[in-house]
Amino acid sequence: MLGRLSAIATAVLLVAVAVPAHAATVEITMENLEVSPKDASAKVGDTIEWINKDVFVHTATARNGDFDVNLPAKKSGTLVLKKAGTIDYYCRFHPNMKATLKIEP
């Protein structure tokens with residue numbers, strides 16, 4: 001009986017170790033011509049969801065060219081993060097709307 005329990009416990013541990021961690025979704029809101037939060041952190045594989053609560057069209061445009069997400073009024077847009085780094089981004093239509101995204105491996 002003890003041997004069987006040991007085998008079951010080992011199998012459960014192997015399955016737990018083999019299952020990858022789930023990627024997170026990080027929400028960033030654009031409202032009243034402001035980005036919130038202005039400084040966000042995420043990991044490679046996570047999804048960023050920009051939620052535009054304004055009546056204006058916005059973008060999330062990376063200064064380094066890594067992404068340019070269009071955000072129609074009252075809609076959202078997403079992006080799956082592919083590489084680590086710190087990215088400053090802004091809205092092309094409202095350049096005072098600026099934020100930073102820190103992406104960890």
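Scroll up to find the structure this text is about.
Scope of this entry: the structure provided in the associated data block. Numbering of residues starts from 1 in each chain and follows the order in which that chain's sequence is written. Per-residue local features of the predicted model are confined to residues with pLDDT of at least 70, and side-chain atom pairs are confined, for both listing and counting, to 80 or more; whole-chain, interface and lining totals are unaffected and use all residues. As a rule here, side-chain values come from all non-hydrogen atoms in the structure, and water together with hydrogens is ignored.

### A few points about the overall build of the protein chain
Each helix and strand in the protein chain was counted, giving one helix and nine strands. Counting from the amino terminus, the protein chain carries its helices and strands in the arrangement α-β-β-β-β-β-β-β-β-β. Three exposure classes are used, based on accessible area relative to the maximum for each residue type with a 1.4 Å probe and protein chains only: buried under 20%, partly exposed in between, and exposed over 50%. Buried residues in the protein chain amount to 32% of all 105 residues. Pairs at least 24 residues apart make up 47% of the contacts formed inside the protein chain by residues separated by at least 6 positions. Computed with the Shrake-Rupley method and a 1.4 Å probe, the accessible areas treat only the protein chains shown as cover for residues. Element-wise, carbon and sulfur atoms account for 58% of the exposed surface of the protein chain, whose accessible area totals about 6800 Å². The way it works is that DSSP assigns letters per residue, a run of H or I at least four long becomes a helix, a run of E at least two long becomes a strand, and they are numbered from the N terminus. Contacts: residue pairs with any heavy atoms within 4.5 Å of one another.

### Regarding the sheet that holds strand S1 (residues 25-31)
Two modes of strand pairing occur in sheets, parallel and antiparallel, and in both the strands are linked by backbone hydrogen bonds. Reading across the sheet, the four strands line up as S2-S1-S4-S7 and stay open at both edges, with mixed pairing between neighbours. Two strands lie at the open edges of the sheet, namely strand S2 (34-36) and strand S7 (76-80), each paired on one side alone. Between one strand and the next, the sheet's axes are offset by a mean angle of 20°, whatever the strand orientation. Paired strands are those between which DSSP finds at least two bridges. Pairing of S1 with strand S4 (residues 47-52) involves six bridges; the strand directions are parallel. In the strand pairing of S4, Val-26 is matched with Ile-48. Axis lines are fitted through C-alpha atoms, for helices just across the contact stretch, and the angle between N-to-C directions can take any value from 0 to 180 degrees.

### A few points about the pattern of salt bridges
Any Lys or Arg side-chain nitrogen found within 4 Å of a carboxyl oxygen on Asp or Glu counts as a salt bridge. Overall, the coordinates contain two salt bridges when judged by the stated rule. Close ionic contact of Asp-66 with Lys-83 constitutes a salt bridge, the shortest N to O distance being 3.5 Å. Here Lys-83 lies in the loop between S7 and strand S8 (85-90) and Asp-66 lies in the loop between strand S5 (58-62) and strand S6 (68-71), a separation of 17 residues in the sequence. For Asp-66, a relative accessible area of 35% puts it in the partly exposed group. Across the salt bridge formed by Arg-92 and Asp-68, the nearest N and O atoms sit 3.3 Å from each other. Of the two residues, Arg-92 sits in the loop between S8 and strand S9 (98-104) while Asp-68 sits in strand S6, which places them 24 residues apart along the sequence. Assessed through its relative accessible area of 35%, Arg-92 is described here as partly exposed. In this structure Asp-68 comes out as partly exposed when scored by relative accessible area, which is 42%.

### Digging into the side chain of His-94
Mapping His-94 onto the fold places it in the loop between S8 and S9. Judged by its relative accessible area of 18%, His-94 is buried. Non-local contacts of His-94, meaning those with residues more than four positions away in its chain, are made with Leu-33, Phe-56, Val-57 and His-58.

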